[in-house]
Amino acid sequence: MPDSLDLARTMAWHRARLLMTVTALTGFGIIMVYSASAFRAARGGWEMDYAWNQLSWLGIAVVALVVMSRIPHRLWMNLRWPMLLSCYVLLALVLTPMGTRVNGANRWFRFGGFNVQPSELAKICMMVVMAAFLARIESGRPRFFRHVIPLCLAGGITVVLILVGPDFGTAALMGCAVGVVMLAGGVRIWQFFLLAAPALPAAAWYGYTKFEYINNRVHTWAAGEAYHTNNSMLA
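**Notes on the side chain of serine 119**
Relative to the helices and strands, serine 119 is located in helix α5 (residues 118-135). Take serine 119: its relative accessible area is 6%, and that puts it in the buried class. Excluding residues that lie within four positions of it along the chain, serine 119 makes contacts with Leu91, Ile162, Asp167, Thr170 and Met174.

Pasting the structure below:
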């Protein structure tokens, strides 16, 4: 009985820390949106226009959070394979004429006036799939060929499909999230870096050669020009 109480208290403590971290990051993000957009929004009439839009979506997200928290975790575990398959199908379909191409990128499905971005759904799907996979490892310690390699393949396919969009930022974020979940799930540091060591330089080179804005930022930095400083002052 004391062990059960200790576990419950530990879980409550971790949930509280996670909630505080998410709240802090969300609040900081809203402030940054307001800071960067207030001047431009004021030209249209109300300086809080962009920030209020984000706050509206935040309200929807909080409702979704409450609903999702009431779903038993075993249901999520049972849905892991359908979610993974759905993730791949949506990311592949958005690259076809079914997807909407904007500024040279296929990232959205458009239904009337409503847009859906599959890569955002993929973030949730991959976190659920990987957490469910790691939770089912009886020894608690993932094995390299039996567990780590399949996880990397699952995450890698998702990253590549997003990258083809092309959407380098979301692909990089997905790769980082996959790595964090793997480390939190017990993957050894040496196993992680054994796979990350060749992947990181390859991703950096791909971003540098295929995305003009990344290339420009590298060149302005190498030339000693304060690209980020100048733009942050303008914001």
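**Quick notes on the packing of helix α7 (residues 168-184) against helix α8 (residues 189-210)**
Contact pair α7 / α8: the axes reach a minimum separation of 12 Å and the direction vectors enclose 175 degrees. Put simply, α7 runs roughly antiparallel to α8. Touching Phe168, Gly179 and Leu183 of α7 are Ile189, Phe192, Ala203 and Gly207, all from α8. Residue classes in the contact of α7 with α8 are distributed as five nonpolar, two polar and no charged.

**Digging into the packing of aromatic side chains**
According to the stated counting rule, one finds three aromatic pairs in the structure shown. Ring plane angle 20 degrees and centroid distance 6.0 Å describe the contact between phenylalanine 144 and tryptophan 190, whose orientation is recorded as stacked. Of this pair, phenylalanine 144 sits in helix α6 (residues 144-164) while tryptophan 190 sits in helix α8, placing them 46 residues apart in sequence. By relative accessible area, which is 52% here, tryptophan 190 ends up exposed. Between phenylalanine 192 and phenylalanine 193 the ring centres are 5.4 Å apart and the planes differ by 80 degrees, which places this aromatic pair in the edge-to-face class. Each member of the aromatic cluster is reached from another via a ring pair, and the members are Phe144, Phe145 and Trp190.

**Points about the layout of surface pockets**
Each pocket or cavity is described by its volume, and for the largest pocket that value is around 3200 Å³. As for the largest pocket, its lining consists of 47 residues, and the residues nearest its centre are Leu65, Met68, Ile124, Met127 and Val128. Contributing elements (two or more residues each) for the lining of the largest pocket: α1 (2-44), α2 (49-69), α3 (73-78), β3 (114-116), α5 and α7. Classifying every residue of the lining of the largest pocket by side-chain character gives 34 nonpolar, ten polar and three charged. Of the pockets and cavities examined, the second largest pocket occupies roughly 780 Å³. Along its surface, the second largest pocket is lined by 23 residues, and Val159, Gly175, Ala199, Leu200 and Ala203 are the ones closest to its centre. Within the residue set of the lining of the second largest pocket, elements represented by two or more residues are α6, α7 and α8. Counting residues per element, the lining of the second largest pocket draws most heavily on α8, at nine residues. Here the lining of the second largest pocket is composed, by residue class, of 18 nonpolar, five polar and no charged.

**So, empty space enclosed by the protein**
Under the defined criterion, the tally for this structure stands at one cavity of 30 Å³ or more. Empty space within the largest cavity amounts to approximately 70 Å³. Secondary-structure elements contributing two or more residues to the lining of the largest cavity are β2 (105-111), α5 and α6. When grouped by side-chain class, the residues that make up the lining of the largest cavity number six nonpolar, three polar and two charged.

**Regarding the sheet that holds β2**
Strand pairing in a sheet takes place through backbone hydrogen bonds and is either antiparallel or parallel in direction. With respect to topology, three strands assemble into an open sheet ordered β1-β2-β3, the strand pairing being antiparallel. A strand with exactly one partner marks an edge of an open sheet, and here the two such strands are β1 (100-102) and β3. Strand-to-strand twist in this sheet, taken as the mean axis angle between neighbours without regard to direction, amounts to 50 degrees. The pairing of β2 with β3 spans three bridges and is classified as antiparallel. If you follow phenylalanine 111 over to β3, its bridge partner there is phenylalanine 114.

**Quick word on the pattern of salt bridges**
Using the criterion set out here, one finds one salt bridge in the structure. Its salt-bridge partner being glutamate 120, residue lysine 123 comes within 3.1 Å of it at the nearest N-O pair. Taken together, the positions of lysine 123 and glutamate 120, both in helix α5 and three residues apart, correspond to about one turn of that helix.

Cut-offs used in this document
- Residues numbered from 1 in each chain as written.
- Predicted model: local features only at pLDDT ≥ 70, side-chain atom pairs only at ≥ 80, totals over all residues.
- Heavy atoms only, no water.
- Helix = DSSP H or I, 4+ residues; strand = E, 2+ residues; numbered from the N terminus.
- Buried < 20%, exposed > 50% of the residue type's maximum accessible area, 1.4 Å probe, protein only.
- Contact = heavy atoms within 4.5 Å.
- Axes fitted to C-alpha atoms, helices over the stretch in contact; angles between N-to-C directions.
- Parallel < 35°, antiparallel > 145°, perpendicular 65-115°, else oblique.
- Nonpolar A, V, L, I, M, F, W, Y, C, P; charged D, E, K, R; others polar.
- Phe/Tyr/Trp six-rings, centres within 6.5 Å; stacked < 30°, edge-to-face > 60°.
- 1 Å grid on protein atoms, 1.4 Å probe; cavity = no way out; pocket = protein on both sides within 12 Å on 5 of 7 lines; lining within 4 Å.
- Points joined across faces, edges and corners; volume = space filled by probe spheres on them.
- Pairing = 2+ DSSP bridges.
- Salt bridge = Lys/Arg side-chain N within 4 Å of Asp/Glu carboxyl O.

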